[in-house]
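Geometric and topological summary
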Amino acid sequence: MRLYKEAANKLVGKKVDRKRQMFGHYPIEIVKINGELYAKDANGVCSPIPENENDFNCYNYDFVID
């Protein structure tokens, strides 16, 4: 699955992870700061979540951690 704004709205406050963690610092927490959605990685670095599912910088994830 891919993480984009529409999907991330349902996952605010939860973490997403992959079975095989490649090219990222998982688990990634979905946070909302000043009304904007951000993906916060395991190092605490926040990056904006893209608008569309087909955008280049979408994160891939396999399951959700509550």
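Secondary structure assignment for the chain yields 1 helix and 7 strands. The globule rule puts the C-alpha radius of gyration for 66 residues at 11 Å, and the 11 Å found for the chain is close to it. Its C-alpha atoms give the chain principal-axis dimensions of about 30 × 25 × 20 Å. Considering the chain as a whole, with its 66 residues, one finds that 27% of them fall into the buried category. Considering only residue pairs separated by 6 or more positions, the chain has 50% of its internal contacts joining residues 24 or more positions apart. For the chain, the accessible surface area stands at approximately 4500 Å², while carbon and sulfur atoms represent 46% of it. If the 10 positive side-chain charges of the chain are averaged to one point and the 10 negative ones to another, these points end up 4 Å apart.

With that out of the way, let us pick up the side chain of Asp-17. Here Asp-17 is to be found in strand 2 (residues 15-17). The buried charged residue Asp-17 lacks any salt bridge, with Arg-18 as its nearest oppositely charged partner at 7.3 Å. Engagement of the side chain of Asp-17 in a polar contact is seen with the side chain of Gln-21, the distance being 2.8 Å. Setting aside its immediate chain neighbours within four residues, Asp-17 contacts Tyr-26, Pro-27, Tyr-61, Asp-62, Phe-63 and Ile-65.

Within the secondary structure, Asp-41 sits in the loop between strand 4 (36-40) and strand 5 (46-48). Although buried, Asp-41 forms no salt bridge, and the nearest oppositely charged side chain, Lys-40, lies 8.4 Å from it. A distance of 3.0 Å separates a polar side-chain atom of Asp-41 from the backbone nitrogen of Asn-43. Sequence-distant contacts of Asp-41, that is, excluding residues within four places in its chain, are made with His-25, Pro-27 and Ile-28.

Here is what the cut-offs are and how they apply
Residues numbered from 1 in each chain as written. Predicted model: local features only at pLDDT ≥ 70, side-chain atom pairs only at ≥ 80, totals over all residues. Heavy atoms only, no water. Helix = DSSP H or I, 4+ residues; strand = E, 2+ residues; numbered from the N terminus. Rg over C-alpha atoms; globule rule 2.2 N^0.38 Å. Buried < 20%, exposed > 50% of the residue type's maximum accessible area, 1.4 Å probe, protein only. Contact = heavy atoms within 4.5 Å. Areas by Shrake-Rupley, 256 points an atom, 1.4 Å probe, with all protein chains shown as cover. Lys, Arg positive; Asp, Glu negative; His and termini not counted. Charge placed at Lys NZ, Arg CZ, Asp CG, Glu CD. Salt bridge = Lys/Arg side-chain N within 4 Å of Asp/Glu carboxyl O. Polar contact = N/O pair within 3.5 Å; in protein donor to acceptor, adjacent residues only side chain to side chain.

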